[in-house]
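In case you want the letters, here they are:
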Amino acid sequence: MLLARATIASPLMTVPSLGSVLAESWSRVLGLFQVGVWPWFGTSDAMDDLMPWGRGSLTSRPAPPSNDMEPSNEPVSTRDLPFYHLPVLMQEVLDMLQPAPGKLIFDGTLGGGGHSEALLQKGARVVAMDQDDAALDYAGERLKPYADRFCALKGNFRDFAAVLGEAGVTGLDGMLIDIGVSSHHLDAAERGFSFAKEGPLDMRMNTSAPLTAADIVNTYSQEDLERIMRENAEEPQARRIARAIVHDREKQPFTTTLQLAEMIARICPQHGRKKHPATLTFQALRCEVNQEYNALREFLAAATKWLKPGGRLVVISFHSIEDRIVKQAFQHQSAAFIDRPEWPEAKRNPDCTLRLLTKKPIEAGEIELSLNPRARSARLRAAERLPE
Ligand SMILES: C[S@@+](CC[C@H](N)C(=O)[O-])C[C@H]1O[C@@H](n2cnc3c(N)ncnc32)[C@H](O)[C@@H]1O
């Protein structure tokens, strides 16, 4: 079942007509479903009703009155909302995606809506996704002023093709994913992402997903715990931590973040290192709970087909495993030929659809780092869809 949530625009009409009266009442009904009161829909017709400018018309919607579409050069505002997340590499994202009126851009990780807002400010239309209700609620509120050009859908970006297909989208000028957790996830103790704050051992971005970090810690075998710590986070102490978890949970199951973080700190003392000893275990658990690498691989394998020729794909990652996945996918999709030792000669690569825009990942500059230390690990890679 596809799950959709969307912001609804009030129609801009000056001359009342029967159509406009009906549209207005319908808009008022739909208005009930705006931010904070999201319905769950399962059919394409429902999606149809929720799309602000109608099904199948995301790429062909007639231009609205010019005063509504004027790109603005005003700085991105967060209005009067509490802090949620500071977007990273903003200028670099704008340079790569070149948002402008008439362009349709997909933001697969809406988060606090900072990147989406900047794209909207430049006049583009944005269709966004997030799997987290808190992000959809916050960004939906923030982006209300753009409701006629912005639509948010609940879902995992690994399923973007089905969700956008259902919404009638046919070709994108740009795609962005800024992966991982938002600052809100780390700040909200009750979400269980932070090893520094007491909370339930949860870590689900989609809070209706079945598997929590506690389930993993309390039920995975020692071998599987060690494996996910190695594969998901390259934790050098994987064996020692896995053994200790299995030993300790016999006495008492792990239920909270600090219970786990303190146990890890006890058996792997910090010894002056900057990183908390539980950092990599928490990364491994989070990736397992949210299946982050599989989602990224699936997205990258499907994304290019959705870009128009010349359309651009931008991925921001936050650690080396993610960046390696992006680098390898981009390398494969930009190689004209592929060769294998067992082949007599190289073959034309049927997946060659991209031109790389970044040979090396782009990182945050000094000014950004001084304002937002979290940007320290951000790596941006971008590529452009080749002509047919
Ligand atoms: C780093 S934040 C994005 C911040 C955003 N660019 C902004 O400007 O505020 C990542 C967001 O992506 C969401 N997310 C991560 N993986 C996802 C996935 N596979 N599918 C959908 N949303 C995902 C998270 O819930 C989180 O809200």
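Cut-offs used in this document
- Residues numbered from 1 in each chain as written.
- Predicted model: local features only at pLDDT ≥ 70, side-chain atom pairs only at ≥ 80, totals over all residues.
- Helix = DSSP H or I, 4+ residues; strand = E, 2+ residues; numbered from the N terminus.
- Buried ≥ 20, exposed ≤ 12 C-beta atoms within 10 Å, placed from the backbone.
- Contact = placed C-beta atoms within 7 Å.
- Axes fitted to C-alpha atoms, helices over the stretch in contact; angles between N-to-C directions.
- Parallel < 35°, antiparallel > 145°, perpendicular 65-115°, else oblique.
- Near = placed C-beta within 6 Å.
- Nonpolar A, V, L, I, M, F, W, Y, C, P; charged D, E, K, R; others polar.
- Core = buried A, V, L, I, M, F, W, Y, C linked by C-beta atoms within 7 Å.
- Pairing = 2+ DSSP bridges.
- Left-handed = near helix turned anticlockwise from the far one by under 90°.
- pLDDT = per-residue confidence, 0-100.

### Focus on the overall build of the protein chain
Helix and strand counts for the protein chain stand at 16 helices and nine strands. For the protein chain, the residues scored as buried account for 41% of the 388 residues in total. Long-range pairs, those at least 24 residues apart, make up 69% of the contacts in the protein chain between residues at least 6 apart in sequence.

### Considering unusual backbone geometry
Residues other than glycine seldom take positive phi values, yet methionine 203 does so here, at roughly 70°. The backbone of glutamate 234 sits at a positive phi, close to 50°, despite the residue not being glycine. Looking at the secondary structure, you find glutamate 234 in the loop between α10 (222-233) and α11 (238-251). Accessibility expressed as a C-beta count within 10 Å gives 14 for glutamate 234, which makes it partly exposed.

### Focus on the packing of α10 against helix α13 (residues 279-290)
Contact pair α10 / α13: the axes reach a minimum separation of 8 Å and the direction vectors enclose 95°. Between α10 and α13, the interaxial angle falls into the category roughly perpendicular. The segment α10 lies against α13, with Ile228, Met229, Asn232 and Ala233 engaging Leu280, Thr281, Gln283, Ala284, Cys287 and Glu288.

### Thoughts on the site of the ligand
In the neighbourhood of the ligand, 22 residues make up the surrounding shell, with Pro87, Thr109, Gly111, Gly112 and Gly114 lying closest. Where the shell around the ligand is concerned, the elements lending two or more residues are α5 (114-121) and β2 (125-130). In terms of residue class, the shell around the ligand is built from seven nonpolar, eleven polar and four charged.

### Observations concerning the nonpolar core
General note: in soluble globular proteins, nonpolar side chains tend to be found buried as a group. Of all hydrophobic cores here, the largest spans 59 residues; its most connected members are Ile105, Val127 and Val314. Residues contacting valine 314, with those up to four places away along its chain left out, are Val93, Met96, Leu97, Leu176, Leu380 and Ala382.

### So, the sheet that holds strand β1 (residues 104-107)
Overall, mixed pairing links the seven strands, which are arranged β3-β2-β1-β4-β5-β9-β8 in an open sheet. Of all strands in the sheet, those with a lone pairing partner are β3 (150-154) and β8 (354-356), marking the two edges. Between one strand axis and the next, the sheet turns through 20° on average, direction left out of account. The pairing of β1 with β2 spans four bridges and is parallel. Looking across to β2, one finds that leucine 104 is bridged to arginine 125. Sheet contacts for helix α6 (residues 133-142): β2 and β3; angle to β3, the most-contacted strand, approximately 170°.

### Here we look at the packing of helix α14 (residues 292-303) against helix α15 (residues 320-334)
Viewed as axis vectors pointing N to C, α14 and α15 meet at an angle of 20°, and their least axial separation amounts to 10 Å. In terms of axis orientation, α14 runs roughly parallel to α15. Between α14 and α15 lies a crossing of right-handed hand. Two secondary-structure elements touch here, α14 through Tyr293, Leu296, Arg297 and Leu300 and α15 through Ile321, Glu322, Ile325, Val326 and Ala329. Here the contact of α14 with α15 is built from residues that sort into seven nonpolar, no polar and two charged.

### Brief notes about the pairing of strand β5 (residues 307-317)
By the criterion of burial, β5 is predominantly enclosed, with eight of the eleven residues buried. By the bridge criterion, six bridges tie strand β4 (residues 172-178) to β5 in an arrangement that is parallel. Its bridge partner being in β5, leucine 172 is matched across the sheet by leucine 307. Sheet analysis places β5 next to strand β9 (residues 379-385), joined by six bridges and oriented antiparallel. Bridge pairing in β9 places isoleucine 316 opposite leucine 380.

### Concerning the confidence of the model for the protein chain
Scored by pLDDT, the protein chain comes out at a mean of 83, with 80% of its residues at no less than 70. Every residue in residues 1-71 scores below 50 in pLDDT, and together they form 104 contacts with partners more than four places removed in sequence or on other chains.

### Some words on the environment of threonine 358
The residue threonine 358 is located in the loop between β8 and α16 (366-371) in this model. You can call threonine 358 partly exposed: it has 18 C-beta atoms within 10 Å. The spacing of threonine 358 and methionine 96 is 262 residues in sequence and 9.8 Å in space, taken between C-alpha atoms. Ignoring anything within four residues of it in the chain, the contact list for threonine 358 reads Leu380, Arg381 and Ala382.

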